[in-house]
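# Secondary and tertiary structure notes
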Amino acid sequence: MKEKDITFEDKLWKAADKLRKKVEVHEYKYIVLGLIFLRYLSFAFEEKKEELKKRFSDPNSPDFILDDKMREKALMDKDYYRAEGVLYIPEEARWDYLVKNANRPEIGEIIDKAIEILEREYPRELKDVIPKKYTEINLDQYDLAYLIDIFTNIDFGKDHKGRDIFGGIYEYFLGKFAEAEGRRGGEFYTPRSLTRLIVEILDVKEGRIFDPACGSGGFFVSALERIEKEGLDKTKLSIYGQDSKPFVWKICKMNLALRGTEGDIRLGDSYHEDKFFDLRADYVVSNPPFNDSGWGADRVRPDDPRFKYGIPPDNNGNYAWIQHYIYHLAPNGKAGFVMANGALSGGGAEGEIRKKIIEDDLVWGIVACPPKLFYNVSLPVSLWFLRRKESKPAHMRNKVLFIYAKKMFKPISRSQVIFTDEHINSIVEKFRMFEKGEDEEKINEVGFAKVATIEEIEKNGYVLT
C-alpha cells in the first residue's frame, strides 16, 4: 500500500468521524461511495480531455485538428472517450459543477440530478448503480459541502486505472465498521496481490471470465489490467459475475464503468439462484464466503447437475462452491479460487467429495498461503487451481503441483501482509514450468514446490496439504 493510499483512506475516516452523529454507518458508506464515484468519473474524464486537447493541438500528432471550432467539437465527441475506456461526462454531472454549487441550499438535489443525468446517458452501465440519497439524507448543505471539499483534494495517482479503488475503499470500510455491522472481513474484498496471482497463473486473455461471488469485482480489475499491460484487446474478454449483496453488486458495476467496460453482473444467491446456469467459462475465479454455515443444503434439488460429487453438509458451503466452479468450466477452462484451509483436509462427506474430485484429475495446483493476507481476518487460506483432465497436456495428467508460499510475504502493517511482484513471479514460474513439461527435478524445490502424483495423494488419505 502506498503512502497516498493511507492519506486517501484517512480522509474518508475523518469525514466519517465528523458525520457519525448524523448518519448511520450503513447509510454513510453509500453517501461516500457515490461521491467518490462521481469524483473519479470526472477525474478520469478531465485527464483524458487534457490528453486529447494536446493531441488535437499538436501539428506532429496524427490526430491534429487545424480549425479551433472543429477541435472544440471533437473534444465533445463521446466516441473519442469511449474508444479509450473513459465515459464522457455531461457538464451538470461534472465534479467542477458540484464544487461551484456546493454551498447552495439545494446541493443534495443537484447531486441527485447529476446521478440521474449519468443514468440517462449510460443506462446499461449505471442504471440503479449510484445511490441517489443526497436529497433525503440527514445532512445539510454545509455537511455536503464539507464532503465535496474533502474529495476534491483526493489524489487518485498516475496508476489509478490498475487499482481497484472501490474495492480498496470497501476493504477499509470493512475494517473500520466490522463491529458496527457484524460482518466478516475478507468476504467481499479479495486482496489485490491474490487476484493478481490467480489471474497470472490462469494466464487470462480473451474469452469468458466468470466470478459467482464477485464482490467488488477485484478479479475483473486485475484481469483487465493484465490484458491492457500486454497490449491486448480488452473487448475480447467477456465478463460475467454474480453476487447476493446489492451493495457490492453496485461497487462491481462502478468498477467496470470506471474502466469503460461492460459486464453481465447479476444479483442473486449463487447457491440457489444460479443466474448463469448455461454458462461455461474459460476462466472461473472467486473468493467465496469461507466455511459458510447454514448455506441451504436442504434447498438443493437432489438432481441438481452441479453437485455431481455429492451435496455438501449444511454446516459448511466450501464444497458447494468448489463444485459450482467445476460445473461452470468450459472443456478447456481453468479455475483459480481462494478457499479456507479446512477444505484441503476435512473428512466425512467433504472428504468423500474431495476424493472423487482428485480421482477425476481435476486438481491442477494448490498454493498454501501465509496468514494475514486479508485486511481484518487472519484466517489462513489456500489457492486452488482446477482444469478438466481432457484439457491437461499428457505430462500433467494425474499430477498436482503443490506450492508452499507460507513464508513468502511482505508485511504492510501489523495486521496485514501481501505477496510482492517477486513472490508472484516465482510462484507463476513454477506453474509455467509444470505446464511446459519441464523436468520435475527442476520444478521440485525443498520447502517451496513439489509435483505429486495422485497415487501419492491417495497414500496421504486424499488430503491436499
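Bear in mind the structure is a predicted one, so any value in this text is a computation, not a measurement. (Residues numbered from 1 in each chain as written. Predicted model: local features only at pLDDT ≥ 70, side-chain atom pairs only at ≥ 80, totals over all residues. Heavy atoms only, no water.)

## Overview of the overall build of the chain
- Summing up its helical and strand segments, the chain has 18 helices and 11 strands in all.
- Here the chain holds 465 residues, and 57% of them are scored as buried.
- Across the chain, contacts joining residues at least 24 apart in sequence account for 74% of those joining residues at least 6 apart.
- Carbon and sulfur atoms make up 48% of the accessible area of the chain, which amounts to about 20600 Å² in all. (Helix = DSSP H or I, 4+ residues; strand = E, 2+ residues; numbered from the N terminus. Buried < 20%, exposed > 50% of the residue type's maximum accessible area, 1.4 Å probe, protein only. Contact = heavy atoms within 4.5 Å. Areas by Shrake-Rupley, 256 points an atom, 1.4 Å probe, with all protein chains shown as cover.)

## What to know about the sheet that holds strand β2 (residues 237-243)
- Taken in spatial order, the nine strands of this open sheet run β3-β2-β1-β4-β5-β7-β6-β8-β11, and their pairing is mixed. With one partner strand each, in any of the chains shown, β3 (264-267) and β11 (449-453) form the two edges of the open sheet. When the angles between neighbouring strand axes are averaged without regard to direction, this sheet yields 15 degrees.
- Two strands pair when backbone bridges link them, and strand β5 (residues 329-340) and strand β7 (residues 381-387) are joined in this way by seven bridges, in the antiparallel orientation. When the sheet's bridge partners are listed, Val338 is paired in β7 with Leu383.
- Along the sheet face, helix α12 (residues 246-258) touches β2 and β3 and points at about 170 degrees away from the line of β3. (Pairing = 2+ DSSP bridges. Axes fitted to C-alpha atoms, helices over the stretch in contact; angles between N-to-C directions.)

## As for the pattern of salt bridges
- As enumerated under the stated definition, the model contains 37 salt bridges in all.
- The salt bridge involving Glu225 is made with Lys229; its shortest N-O contact spans 4.0 Å. On the criterion of helical spacing, the pair formed by Glu225 and Lys229 is a turn pair, its members being four residues apart in helix α11 (residues 218-229).
- Members of the salt-bridge network, linked through shared partners, are Lys48, Glu51, Arg55, Asp63 and Glu84. (Salt bridge = Lys/Arg side-chain N within 4 Å of Asp/Glu carboxyl O.)

## What to know about the packing of helix α10 (residues 192-202) against α11
- Put simply, α10 and α11 touch, their axes get as near as 9 Å, and they point 55 degrees apart. Compared by their axis directions, α10 and α11 come out oblique. Along this stretch, α10 crosses α11, giving a crossing that reads as right-handed. Contacts between α10 and α11 involve Arg192, Thr195, Arg196, Ile198, Val199 and Glu200 from the first element and Gly218, Phe219, Ser222, Ala223, Glu225 and Arg226 from the second. (Parallel < 35°, antiparallel > 145°, perpendicular 65-115°, else oblique. Left-handed = near helix turned anticlockwise from the far one by under 90°.)

## Here we look at the nonpolar core
- Residues Ile111 and Phe151 are the most contacted members of the largest nonpolar core, which totals 53 residues.
- Contributing elements (two or more residues each) for this core: α2 (25-57), α5 (95-100), α6 (107-121), α8 (141-152) and α12.
- The biggest single contributor to this core is α2, with 14 residues.
- Contacts of Ile111, omitting those with residues within four sequence positions, involve Leu35, Leu38, Leu98, Tyr134, Leu144 and Ile148.
- In terms of nonpolar packing, the next biggest core, distinct from the first, is built from 50 residues, Phe220, Val367, Ala405 and Val428 among them. (Core = buried A, V, L, I, M, F, W, Y, C linked by side-chain atoms within 4.5 Å.)

## Observations concerning a negative patch on the surface
- Taken together, Glu352, Glu359, Glu455 and Glu458 make up a surface patch of like negative charges.
- Of all the elements in the fold, those that place two or more residues in the negative patch are α15 (348-359) and α18 (454-459). (Patch = residues over 30% accessible without salt bridge, like charges linked within 9 Å, V, L, I, M, F, W, Y side chains within 5 Å. Lys, Arg positive; Asp, Glu negative; His and termini not counted. Charge placed at Lys NZ, Arg CZ, Asp CG, Glu CD.)

## Thoughts on the packing of aromatic side chains
- The final tally for this structure, using the stated rule, is 19 aromatic pairs.
- A ring pair is formed by Trp364 and Phe385, whose centres lie 5.8 Å apart and whose planes are at 80 degrees; its orientation type is edge-to-face. Of this pair, Trp364 sits in strand β6 (residues 363-368) while Phe385 sits in strand β7; the two residues are 21 residues apart in sequence, bridging distant segments of the chain. Here the two residues Trp364 and Phe385 agree in accessibility, since each one is buried.
- Exposure remark for Trp364: the relative accessible area of 0% places this residue in the buried category. (Phe/Tyr/Trp six-rings, centres within 6.5 Å; stacked < 30°, edge-to-face > 60°.)

## Let's talk about the packing of α6 against α8
- Across the interface, α6 lies against α8 with an axial gap of 9 Å and an inter-helix angle of 50 degrees. When the interaxial angle is binned, α6 and α8 end up oblique. Contacts between α6 and α8 involve Ile107, Gly108 and Ile111 from the first element and Gln141, Leu144 and Ile148 from the second.
- For the contact of α6 with α8, the per-class residue count stands at four nonpolar, two polar and no charged. (Nonpolar A, V, L, I, M, F, W, Y, C, P; charged D, E, K, R; others polar.)

## Quick notes on the side chain of Arg387
- Positionally, Arg387 belongs in strand β7.
- Within the structure, Arg387 has its side chain in polar contact with the backbone oxygen of Ser391 (distance 3.4 Å).
- If sequence neighbours within four positions are ignored, Arg387 has contacts with Leu329, Gly333, Lys334, Asp361, Leu362, Trp364, Lys392, Pro393, Met396 and Glu435. (Polar contact = N/O pair within 3.5 Å; in protein donor to acceptor, adjacent residues only side chain to side chain.)

## A closer look at α11
- With 12 residues, α11 should cover 16 Å at 1.5 Å per step; its first-to-last C-alpha distance of 16 Å lies within 8% of that length.
- Count one or two residues on from α11 and you reach Gly231, which has phi positive near 70 degrees. (Expected span 1.5 Å × (residues − 1).)

## Details of the environment of His272
- Examined against the element boundaries, His272 turns out to sit in the loop between β3 and β4 (281-286).
- Judged by relative accessible area, which is 21%, His272 ranks as partly exposed.
- Spatially, the C-alpha atoms of His272 and Arg299 are 7.3 Å apart, while their sequence positions differ by 27 residues.
- If we ignore the near neighbours within four places in the chain, the residues touching His272 are Trp295, Gly296, Arg299 and Val300.
- A distance of 2.8 Å separates a polar atom in the side chain of His272 from a polar atom in the side chain of Asp269.

## A word on the pairing of β2
- Counted residue by residue, β2 has five buried out of seven residues, so it is predominantly covered.
- The parallel pair strand β1 (residues 207-211) and β2, bridged by α11, forms a crossover whose chirality is right-handed.
- Pairing geometry for β2 and β3, over four bridges, is parallel. In the sheet register, Gln242 faces β3, and the bridge partner there is Arg266.
- Remark: the β2/α12/β3 crossover connection has right-handed handedness. (Right-handed = clockwise from strand over helix to strand, strands pointing away.)

## Topic: the confidence of the model for the chain
- This prediction gives the chain a mean pLDDT of 89; 88% of its residues lie at or above 70.
- Of the regions scoring below 50 in pLDDT, residues 1-6 engages in 10 contacts with residues more than four places distant in sequence or in other chains.
- Contacts from residues 178-186, a stretch scored under 50 in pLDDT, to residues over four places away or in other chains number 21 contacts. (pLDDT = per-residue confidence, 0-100.)

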